[in-house]
Amino acid sequence: MPASRVLPYYERPAIRGGQEDALLITAAGLNQTYVSQDRSVVPALADVSLAVAPGEFVTIVGPSGCGKTTLLRILGGLLRPSGGSVHLLGRAVTGPSRNVGIVFQDPVLLPWRTVLDNVLLPVQVLGLDRQTYRARALDLLGLVGLEGFEGKYPHELSGGMRQRVSLARALVHDPALLLMDEPFGALDAMTREAMNLELQRIWRESGKTVAFITHSIAEAVFLGDRVVVMSPRPGRIADVVTVELPRPRDLDLMASDAFGVYARKIRQALGPRGMLE
Amino acid sequence: MTLRDVRQRPHVVLIPLVFVAFVAAWESVVRAWRLPDYLLPAPSAIARALGLGFTNRLYVEHAWVTMSEALLGFFIAAAAGVVLGTVIAQFRLVERTLYPYVVAFQTLPKIAVAPLLVVWLGFGVSSKIVIAALVAFFPVLVNVIVGLKTVDAPKLDLMRSLSATRWQTFRFVTFPNALPFVFAGLDIAVVFSVLGAIVGEFVGSQRGLGNLILQFNTALDIAGMFAVLLLLAALGVALHLIMQAIQRRVIFWAQPDHVIGA
């Protein structure tokens, strides 16, 4: 694994040079409105612009209803924005792309498929060679700590294990960008911390670019190279905080002063109430 | 079975106990009041009739006729229900066009059509097969439609994020997702198909358990009628259990959780 892959994005030469084409995904002036039941137009996103460099881990934090999920769905090509544009690897995004892997809030596993067949679902749908990718799927299951579980069914796994399968599935077709929508929100606090550590390791080993949505400030600071702070009604970017904490980060770091400074900064960016729901 | 088992699951003992108490009460009432056999036969008389029917192979022949009518009708209903239900659930225009007719036919009591079918198709097995199929068709159809329409949005999002084709989404997600509903429909349908076959035989037939009931009825052989009813109940339970066994194997994932741990 080349060393450049695990460098924080801001230390990479391409970013320092400020070259636009070195960016993996850019969103420019995104607006999203929807019509509510009483026929009034509700803005969900207002003028959101964002650029993510290759290999960067960006976390997006904000309270419920700040349009985080809307933003992620637009980035993933699942939703057409009302205004603005998204470019992935220099190309305009008009729909879902095989260069994107999505980890949803729920694991969304197919209960009638084994763990291995769940991981291979993208391979099957994209018409890739099953035999070639079978080995990769098994490697990925090892990477997410589920070696030996390939023949199990989802109902035999715990919540944390299911979300790991979902992570392996999002990685199997080797997408450049991994979008994660509060993937650990349903897990208990201890499992969640363990998953954060694992995710950091997997990210470093795979060299993927990650956009990670959360409503936990601690999770956002712990995982992110950069934290995008969003505020609600309409959803817009309140601040972007660059986290210059050394990697790999461990859980003890969360009790450090430096960590606290970042957390406070984000809380302040969230506004006078400064509280996340 | 130990005493502890009984304490934990008392119904295991209570179920046969209720049966024994009921049969004993029935037998003693019939004997005490000396009820004639043509009004209410004693359980012992029914057991004798049942034994006689089995030894002279009367039941085997008639049960075979009724069962083959019911099962053929069931298979036709299952195939037609799955195919039409799928087409209706997948194509909006087909749904909008056909649904009023489906509702109209569903509200019609299907067994009321039986005399007409006997006129058209005769006293043989074919009219019974069609009646059985007609009665069994709607539970399958309705459950297939409901099953195919209850896919949770995240699963569809997942398929969309992979740019899946409509056929892929159907094959990998929508159809397997509908199977628990389809089996619920098939379970009802298999019992309904026996109902359809019996009604068909009532209207006009030469053979079958429904025909046998009518014969016993004419002869005022009430014990014989009860014996056939018992046989029908046993066949119904058997069909239901077979369906359950198939269901457990095919939709194994729709069972209670067996969690390994974190």
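Residues numbered from 1 in each chain as written. Chains lettered and ligands numbered in written order. Predicted model: local features only at pLDDT ≥ 70, side-chain atom pairs only at ≥ 80, totals over all residues.

1. Focus on the overall build of chain B
- Helices and strands together make up the secondary structure of chain B, namely 11 helices and zero strands.
- Ordered by position in the sequence, the α and β elements of chain B form the string α-α-α-α-α-α-α-α-α-α-α.
- A principal-axis box enclosing the C-alpha atoms of chain B has dimensions of 75 × 60 × 30 Å.
- When the 262 residues of chain B are sorted by exposure, 32% land in the buried category.
- Relative to all contacts within chain B whose residues are 6 or more apart in sequence, the contacts with residues 24 or more apart total 76%. (Helix = DSSP H or I, 4+ residues; strand = E, 2+ residues; numbered from the N terminus. Buried ≥ 20, exposed ≤ 12 C-beta atoms within 10 Å, placed from the backbone. Contact = placed C-beta atoms within 7 Å.)

2. Points about the nonpolar core
- Among the nonpolar cores identified, the biggest contains 86 residues, and A168, A211 and I266 of chain A are the most heavily contacted of them.
- With six residues, helix α6 (residues 159-171) of chain A is the largest single contributor of residues to this core.
- Not counting residues up to four positions away in its chain, the partners in contact with I266 of chain A are V61, I217, A220, V221, V227, V229 and V241 of chain A.
- Grouped together as the second largest cluster of nonpolar side chains are 49 residues, L117, L134, L186 and M225 of chain B included. (Core = buried A, V, L, I, M, F, W, Y, C linked by C-beta atoms within 7 Å.)

3. Quick word on unusual backbone geometry
Residues and elements named next belong to chain A.
- Cis geometry marks the peptide bond from R247 to P248, where omega comes out at -10 degrees.
- Turning to its location among the elements, P248 is positioned in the loop between β10 (236-242) and α9 (257-269).
- Here the phi dihedral of D47 falls at roughly 50 degrees; this positive angle occurs in a residue that is not glycine.
- Here D47 lies in strand β2 (residues 41-52).
- One non-glycine residue, L89, lies in positive phi territory at about 50 degrees.
- By C-beta crowding, L89 is classed as partly exposed, having 14 other C-beta atoms within 10 Å.

4. Focus on the confidence of the model for chain B
Residues and elements named next belong to chain B.
- Confidence in the prediction of chain B, expressed as mean pLDDT, is 91, and 97% of residues score 70 or more.
- Ranking the helices and strands of chain B by mean pLDDT puts helix α4 (residues 58-90) first, with 95, and helix α1 (residues 3-8) last, with 79.
- Below a pLDDT of 50 lies the segment residues 256-262, which in the model reaches 12 contacts outside its immediate sequence neighbourhood of four places, other chains included.
- Scoring of the predicted complex yields 0.82 for pTM and 0.85 for ipTM. (pLDDT = per-residue confidence, 0-100.)

5. A closer look at the interface of chain B and chain A
- With 20 residues of chain B at the interface, the matching set in chain A holds 22 residues.
- Elements with a minimum of two residues in the side of chain B that touches chain A: α8 (153-161) and α9 (166-203) of chain B.
- For the side of chain B that touches chain A, the leading source of residues is α8 of chain B, giving six residues.
- For the side of chain B that touches chain A, the class distribution of residues is 11 nonpolar, five polar and four charged. (Nonpolar A, V, L, I, M, F, W, Y, C, P; charged D, E, K, R; others polar.)

6. Focus on the packing of helix α6 (residues 114-121) of chain B against helix α7 (residues 125-149) of chain B
Residue and element names in this part refer to chain B.
- Two elements in contact, α6 and α7, have axes whose closest approach is 8 Å; the angle formed by their N-to-C orientations is 145 degrees. Judged by the twist between their axes, the crossing of α6 over α7 is right-handed. Two secondary-structure elements touch here, α6 through A114, L117, V118 and L121 and α7 through S126, S127, V130 and I131. (Axes fitted to C-alpha atoms, helices over the stretch in contact; angles between N-to-C directions. Left-handed = near helix turned anticlockwise from the far one by under 90°.)

7. Considerations on the sheet that holds strand β3 (residues 57-61) of chain A
All names here are of chain A.
- Read across the sheet, six strands follow the order β6-β7-β8-β3-β9-β10 without closing on themselves; strand pairing throughout is mixed. The sheet is open, and its two borders are formed by β6 (100-103) and β10, each paired with just one other strand. Across this sheet, the average inter-strand angle for adjacent strands is 20 degrees, counted without regard to direction.
- Contacts from α6 reach β6 and β7 (177-181) within the one sheet, and its direction differs from that of β6 by about 170 degrees.
- Helix-sheet contacts for α9 involve β3, β9 (226-231) and β10, and the interaxial angle to β10 is about 165 degrees. (Pairing = 2+ DSSP bridges.)

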